[in-house]
Structure formats: C-alpha cells, structure tokens
Amino acid sequence: MIDAELRDRAGRHVTLRPVDDGNWRAVADVAPRDDQRVWVAALAARYLLLSMRSDVWTSLAVYADEAVVGHVMWGVDDDGSRWIGGMVIDAAEQDRGVGRAAVRTLAEWLGGQDGGCPVRLSYHPANVSAARLYTSIGFVPTGAREDDELVAELRTGS
C-alpha cells in the first residue's frame, strides 16, 4: 500500500493499493464522466490490460477508506524518469479531492525512489481540469509533447 496520509474533502483516507484478485473487478469498472472520455478510457479496464500486457506500466487501485474509487498507473522511462498515467476517478467520486490526493500520494512515492528521478505526466492541452489539478500540485509543462499531450514535470520541493 502507498499511503501519504492524505484525505479527500469528505475526510476519507485515500490510499493506493496493488490490483489483486479481490479488487480487480471493481477497478476495471471505474468509469469517468462522459465528457472526460475524449481524454481517458471509458473504463479503467483498458489501463489494467495495458499494464498486464506491458512491462512499462503498473496499475494501482485508488481507495477512499475501503472503497475502490479509481485507477492510476505508473512506469519508469528509459531515462529513469517516473511517469504517472491512466488516472481515472469514478464519475460518482469526482470533485471530492480524491484525484488530487491520489496524484500527490503517487508523486511523493515515485519522487522518493532511486535518488529522486523526475516525476512526469502528460495531459491533453484542452483538458483544462487536468491542467489546473496538476499545476496546483506543482507540475510544470516542460515544452515537450508525448503524442498530442503536453508533458509536465513535478518541481523539486513541491
């Protein structure tokens, strides 16, 4: 379990846990709001398959207390940088601070590995909500692009 002792706005304890036999179905069923499907998969199941079929990504379940409320994955790039990707918070759980707590928890954990390699993520430039969230946490656009998305890196000391 990855735990930064963060809580959402309802006071629920947000943790990141391995996807296992007991929670994979709940994680697979996580679905974003309809208007977000232009930027993320319609179900977290797609990201679970990606992490199962790739050596790059590792999926994690996002919990609020003891309920699965989302999915996020992480990977290590060839240059050693750590990446956050595939974050989906279930539509019914959004706007409660769960996504913020999940990103902060994972970024802190990734940043503490192997001498503090850079932590990066990417998002579509039209995804204003994601840009606002990531900027508020301390991610700054690098000017690089990954396909049609902007790459952002967490500022040291954020």
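This text follows the structure it describes.
Residues numbered from 1 in each chain as written. Predicted model: local features only at pLDDT ≥ 70, side-chain atom pairs only at ≥ 80, totals over all residues. Heavy atoms only, no water.

Residues and numbers for helix α3 (residues 98-111), please.
The terminal C-alpha atoms of α3, which comprises 14 residues, lie 20 Å apart, in line with the 20 Å expected from a rise of 1.5 Å per residue. All of the buried residues along α3 are V98, G99, A101, A102, V103, T105, L106, A107 and L110. (Helix = DSSP H or I, 4+ residues; strand = E, 2+ residues; numbered from the N terminus. Expected span 1.5 Å × (residues − 1). Buried < 20%, exposed > 50% of the residue type's maximum accessible area, 1.4 Å probe, protein only.)

Which residues make up the pairing of strand β5 (residues 82-89), and what are the values?
Among the 8 residues in β5, 8 count as buried, and that is most of the element. Sheet analysis places strand β4 (residues 67-76) next to β5, joined by 6 bridges and oriented antiparallel. Following the sheet pairing, M73 is matched in β5 by G85. Connecting the antiparallel pair β4 and β5 is a turn made up of 5 residues, with G80 showing a positive phi of about 90 degrees. The pairing of β5 with strand β6 (residues 119-123) spans 3 bridges and is parallel. Across the sheet, R82 pairs through a bridge with V119, a residue of β6. Viewed along the sheet, the connection from β5 through α3 into β6 turns out right-handed. (Pairing = 2+ DSSP bridges. Right-handed = clockwise from strand over helix to strand, strands pointing away.)

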